[in-house]
Amino acid sequence: MIALLYSLLLLVASSTFATAASDKPLKPCTVISPTSERFFDLNPMRRLPPSKEDGKKSNKKEAEEGSWHARGYDYNANFTINFCGPVVEELDAVQDLDKGMWKNVSAFYEKGNKQWAIGLESSEPIFRGRKLILNYTGGSLCPSLKSKRSLEPASLDTREIIDGDDDDDDKKKKPKEAERRKTTVISLLCDNDPLAKTSVSFVAAVDDCAYFFEGRSPFACGGVHQETQALGPGGVFGVIAMIAVLVYFAGGCVYQRTVMHQRGWRQLPNYAMWAGIWRFFSDMFIILTSSCARFMPARRGYSRVSLGQDSSRRGRRNEDEDRLIDNLDEEWDD
């Protein structure tokens, strides 16, 4: 019975701590898996410029390599990517993007003397089922689909040729297509090798507008959230002590009432001990209060006034007593 009560109270306390910890907002570039509840921190994968890493210079090798690089193979361009932050390299010719936004580019590729942004920085990784995804949006403008279709050969039948004028009128009535911008999707996979390094691989590009990459890193394996403990060491010890006291009194009362058939205050566990402690403190209180009572000021009020006759009588009695004592002393000397 006591063990059951202890387990129930411990379960309630742990659930309370878990809910309190889950209410805290997460740091940037961190996420908790909704399926496995593992904690993922991608901040170590981010590369920083030499002058922005807590006021210290970063690793010389990393500073020379810059951001992460992915080979484009048949795409005829190589990609530069950073995780949860802008690229380390300085950009000077980004197309279709305001100059004030160049410092926020997290992925780009370069063709000739032109640079094409394929996504702005984002510090919010998300989960698609069991897949950890990092998505960058808002890059350079995507090429229009009409320009691509015009490059492909097309055959017109007689009906289309005859009704060409009507088609032109319909095209004029159609609204312009909304501008699309390049986006990047990075699927992060766990690499259990402790000596492995983070790597990024290019997977595919759709209509030169959406780019898919695959990243492998030990930091994508997840772990235990270090801030799940809502209380400090002292608070945890206090809660454990409180739970132990509650279990002691609750279990003892149940035992004394059901097994020993006690009633009233005698239902408390170790009633004789607690009663002795109570008597000790009550006796100490009485002793202290009684000893302190003499330091209290005397009570003010009327006092008895002695009369003259009484004082004369007392004086005569004292003289008679002195004479008697003197006579006894003389007889004793003789």
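Residues numbered from 1 in each chain as written. Predicted model: local features only at pLDDT ≥ 70, side-chain atom pairs only at ≥ 80, totals over all residues. Heavy atoms only, no water.

Visitor: Hey, could you go over the overall build of the protein chain for me, with residue numbers and the actual values?
Guide: On a plain count of helices and strands, the protein chain comes out with eight helices and 11 strands. Sequence-distant contacts in the protein chain: of pairs separated by 6 or more residues, those separated by 24 or more amount to 58%. By element, 56% of the accessible surface of the protein chain is carried by carbon and sulfur atoms, the whole surface being about 25200 Å². (Helix = DSSP H or I, 4+ residues; strand = E, 2+ residues; numbered from the N terminus. Contact = heavy atoms within 4.5 Å. Areas by Shrake-Rupley, 256 points an atom, 1.4 Å probe, with all protein chains shown as cover.)

Visitor: Kindly report on a nonpolar patch on the surface, identifying the contributing residues and their values.
Guide: Side chains of Tyr248, Met273, Trp274, Ile277, Phe280, Phe281, Met284 and Ile287 sit close together on the surface and give an oily, nonpolar patch of about 760 Å² of accessible area. The biggest single contributor to the nonpolar patch is helix 7 (residues 271-293), with seven residues. Relative to the assigned elements, Met284 resides in helix 7. (Patch = residues over 30% accessible without salt bridge, like charges linked within 9 Å, V, L, I, M, F, W, Y side chains within 5 Å. Salt bridge = Lys/Arg side-chain N within 4 Å of Asp/Glu carboxyl O.)

Visitor: Which residues make up the state of the cysteines, and what values do they have?
Guide: Counted under the stated rule, the structure contains three disulfides. Each sulfur in the disulfide pair Cys29 and Cys84 lies 1.8 Å from the other. Because the sign of the S-S torsion sets the handedness, a value of about 65° for the bond joining Cys29 and Cys84 places this disulfide among the right-handed ones. One end of the pair, Cys29, is in the loop between helix 1 (2-22) and strand 1 (30-32); the other, Cys84, is in the loop between strand 4 (79-81) and strand 5 (107-111), with 55 residues separating them in the sequence. (Disulfide = S-S within 2.5 Å.)

Visitor: Report on unusual backbone geometry, specifying residues and quantitative values.
Guide: Among all residues save glycine, negative phi is the norm, and among peptide bonds the norm is trans. Of note in the backbone geometry, Glu37 takes a positive phi value of approximately 60° without being a glycine. Tracing the backbone through its elements, the reader meets Glu37 in the loop between strand 1 and strand 2 (39-41). In this model, Asp207 sits at a positive phi of 55°, which is unusual for a non-glycine residue. Residue position: Asp207 is located in the loop between strand 10 (199-206) and strand 11 (210-217).

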